[in-house]
Every structure is written in C-alpha cells, then in structure tokens.
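Single-letter residue listing:
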Amino acid sequence: MTVAFTFPGQGSQAVGMGKALAETYPEARAVFEEVDDALGEKLSTLMFEGPEDQLTLTANAQPALMAVSMAVMRVLESQGLKLQDKVAYVAGHSLGEYSALCAAGTFSISDTARLLRIRGNAMQAAVPVGQGAMAAIIGLEHADVFAICEKASAEGSCQIANDNGGGQLVISGSKAAVELAAKLASEAGAKRAIMLPVSAPFHSSLMAPAANAMRDALATVNKHAPVVPVIANVRVAPVNDPSEIADLLVEQVTGQVRWRETVEWFAAHDVTTLYEIGSGKVLTGLARRISKDVSGVTVGTAEEIDAALQVLLG
C-alpha cells in the first residue's frame, strides 16, 4: 500500500471545525493557539463559533483550513506517525498546497498562517468587487471548456481555474467573459453552467497583483526541503527544492489547479490510498470520481484519526 496525504482547499470550511479536536487533544489545541498568536487575533474563536460569513472570507478561511489540517497532523504525529516513514507524497488543493508543505516541514505553522493571511488579502484586493467572476462547468471535457474560454476571451480574461475531475471544471476571469463562457458552455451541451458566489476571480491572470505579493512574502520566510515530495498544483510532478516550491506557489495564484491530473498521477505511480487531512471530504469525493484505482479516506475527527493510525501504524 502506497499512501499520499492530501489537504483540502477553500469551500471545505464550516463553523465548528476543529472544536472537537481542540477539546480532545492538547496537540491540536496548541496548533490553534500558535495560529492565533501568529495572526494576532482569535481565529480559533471564529472557527469554533462563527459567524459563517466571517469564516468564509478568503483571508480567514485560508489560514483556518490550514490550522485544522495541521491540528490533525500534530495529533497523528503525537501517536507515532512519521510522515517520511509512512507517506510517499503530499499534495493540496490550492491553499491546501500550503498545508501540505507545512505538514512536510517546508514552512512553520506560524509562517504558513501568515502567508495564507497575506494570500487571502492579496487575492481579495487584486480585483475590484464585481469586476471578476467564476463559474462551474459540469459535463464537458477539458478541451471543450478550454476552447470556450478562448472564444470568450474576446470579452476579457477567461481561463480554466480548477480541473476537479469527474467532468467538473471551474472557469475564472472578468465578469463579462465568464458570463459569455457559461452561456457558450450551456449551448455546447454542458449539464450545468453555474455562476459561483465568490468574491474574486481566483486562479486567473487577473490575480497577477496577488502573485507579486506572494513572491515578496515567500522571499521573507524560512523554507526547508519537504521530508516527502509535494506534487505541485501547476506542475503535477514531485518537487523537493525550496526555491522551486516558492516559484510554483507564486505561479499557482494565476495558474490552474490541476487536481484531476494530480489524482491520475498518483494512480499511475502506484499510490493506492489518499488520506484527506483536515476539514470536510471534498477531495475524497473527487478521488472517487477521478480514478477507480485510488481510494480516498477522510481524517478529520477523533474516530477517523484512530482508524487511520490503525492502518498506517499496523
């Protein structure tokens, strides 16, 4: 059995996440305290109690999701799990790539929290509200959606932001172009083309100011080689070099999250089980749709932690 750990992205947040972990495990509680200290505010209170509209804000959701993932990691480690002994690769969906790198020792928890706060604020500030948009296109092939984005680009920036597999692609860019692309996708036979309730056009060329902000921020933090290779979102290949990792994180802000290809890469390299570390089960559901050769397992509750440890530590 070859194992990879995956880490969820935005959309997996929920009020109450991490609360039971903090109440059960001192190691988890210590992670939430470290993140609170790094940000100079009680993010943990927002996570445990809400309100939801505040937790959903990009600048809060990103470090919050990382905090839950790292709380689970610290509990696993306290029970005897050594990442480099039991896990072949790590990967994360968009912001989850930062969680993956933190888990693999590239960044400290404090630095990761601060980086994700900068990332969230920079992504929010990159485009004035109302000028950008994103849409989910269900039931068309990647090549078809790519061609539709090319055609819609006559109205402004439009590109594939996420390839989530199972016929689910997310497009991003300027509002007029994305609305046109959604209309063209419906006309081309998409099962659904849904405008998404997001605050900015993530993973599009319009995010260039945020990419510059991340280049500056990443230059200021200590970076170590990960103890296991990370499969980078924009490259779908193992990366170990810290400076290369930073470059790819900058590229990721405006680039495509190639999650379908990531899961297919795992399947092609004999990974049999993907453990989703943290909040929710989005990635586990995607894995099921992408490859019959890879099984997904969620690890976010005390029961799931115990079950994972039984298998991983035998």
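Procedures and definitions
Residues numbered from 1 in each chain as written. Predicted model: local features only at pLDDT ≥ 70, side-chain atom pairs only at ≥ 80, totals over all residues. Heavy atoms only, no water. Helix = DSSP H or I, 4+ residues; strand = E, 2+ residues; numbered from the N terminus. Rg over C-alpha atoms; globule rule 2.2 N^0.38 Å. Buried < 20%, exposed > 50% of the residue type's maximum accessible area, 1.4 Å probe, protein only. Contact = heavy atoms within 4.5 Å. Areas by Shrake-Rupley, 256 points an atom, 1.4 Å probe, with all protein chains shown as cover. Lys, Arg positive; Asp, Glu negative; His and termini not counted. Charge placed at Lys NZ, Arg CZ, Asp CG, Glu CD. UniProt positions renumbered as here; feature names shortened; annotations may be inferred. 1 Å grid on protein atoms, 1.4 Å probe; cavity = no way out; pocket = protein on both sides within 12 Å on 5 of 7 lines; lining within 4 Å. Polar contact = N/O pair within 3.5 Å; in protein donor to acceptor, adjacent residues only side chain to side chain. Domains from an automatic or database assignment. Buried area = accessible area lost by both parts, 1.4 Å probe.

Asks: Any details on the overall build of the protein? Residues and values, ideally.
Replies: Check the secondary structure of the protein and you find 15 helices and 10 strands. In terms of overall size, the protein behaves like a compact globule, its C-alpha atoms giving a radius of gyration of 19 Å where 314 residues would be expected to give roughly 20 Å. Considering only C-alpha atoms, the protein reaches an extent of 55 × 45 × 35 Å along its principal axes. The 314 residues of the protein split such that 55% are buried. When contacts within the protein are restricted to residue pairs at least 6 apart in sequence, long-range pairs at least 24 apart make up 74% of them. Only carbon and sulfur atoms are counted for the fraction: they give 50% of the accessible area of the protein, which is about 12600 Å². Seen as two clouds, the 23 positive and the 34 negative side-chain charges of the protein have centres 3 Å apart.

Asks: Give me the lowdown on the UniProt feature "domain: Malonyl-CoA:ACP transacylase (MAT)" (unreviewed entry) in the protein, citing residues and values where you can.
Replies: Residues annotated in UniProt with the feature "domain: Malonyl-CoA:ACP transacylase (MAT)" (unreviewed entry) correspond here to residues 6–304. The span residues 6–304 shows a helical share of 52% and a strand share of 15%, and its end C-alpha atoms are spaced 15 Å apart.

Asks: Could you give me a rundown of unusual backbone geometry, with the residues and numbers involved?
Replies: Following G50, the chain continues to P51 via a peptide bond in cis, the omega torsion being 10°. As for its placement among the helices and strands, P51 is situated in the loop between α3 (43–49) and α4 (52–56). Residues other than glycine seldom take positive phi values, yet S94 does so here, at roughly 60°. Take S94: it is sitting in the loop between β2 (89–92) and α7 (96–103).

Asks: Kindly report on the UniProt feature "active site" (unreviewed entry) in the protein, identifying the contributing residues and their values.
Replies: Feature annotation in UniProt assigns "active site" (unreviewed entry) to the following positions: S94 and H203. A maximum C-alpha distance of 8.8 Å is found for the annotated residues, which run over 110 residues; spatially they form one tight group. Of the annotated set named above, S94 and H203 line the largest pocket. A polar side-chain atom of S94 sits 3.2 Å from a polar atom in the side chain of R119. On the secondary structure map, H203 appears in the loop between β6 (192–195) and α11 (208–219).

Asks: Tell me about the domain arrangement of the protein, and please be specific about residues and values.
Replies: How big an interface is tends to be reported as the loss of accessible area on association of its parts. When its domains are assigned, the protein resolves into domain 1 (2–126 + 206–313) and domain 2 (140–198). Look at where the C-alpha atoms of domain 1 and domain 2 centre, and you get two points 27 Å apart. Each side of the interface is counted separately: domain 1 has 12 residues, and domain 2 has 13 residues. Taken over both partners, the interface formed by domain 1 and domain 2 buries close to 960 Å², and the fraction arising from carbon and sulfur atoms is 41%. Of all residues in domain 1, L206, Q256 and R260 give up the largest surface area on contact with domain 2, accounting jointly for 48% of the area buried on that side.

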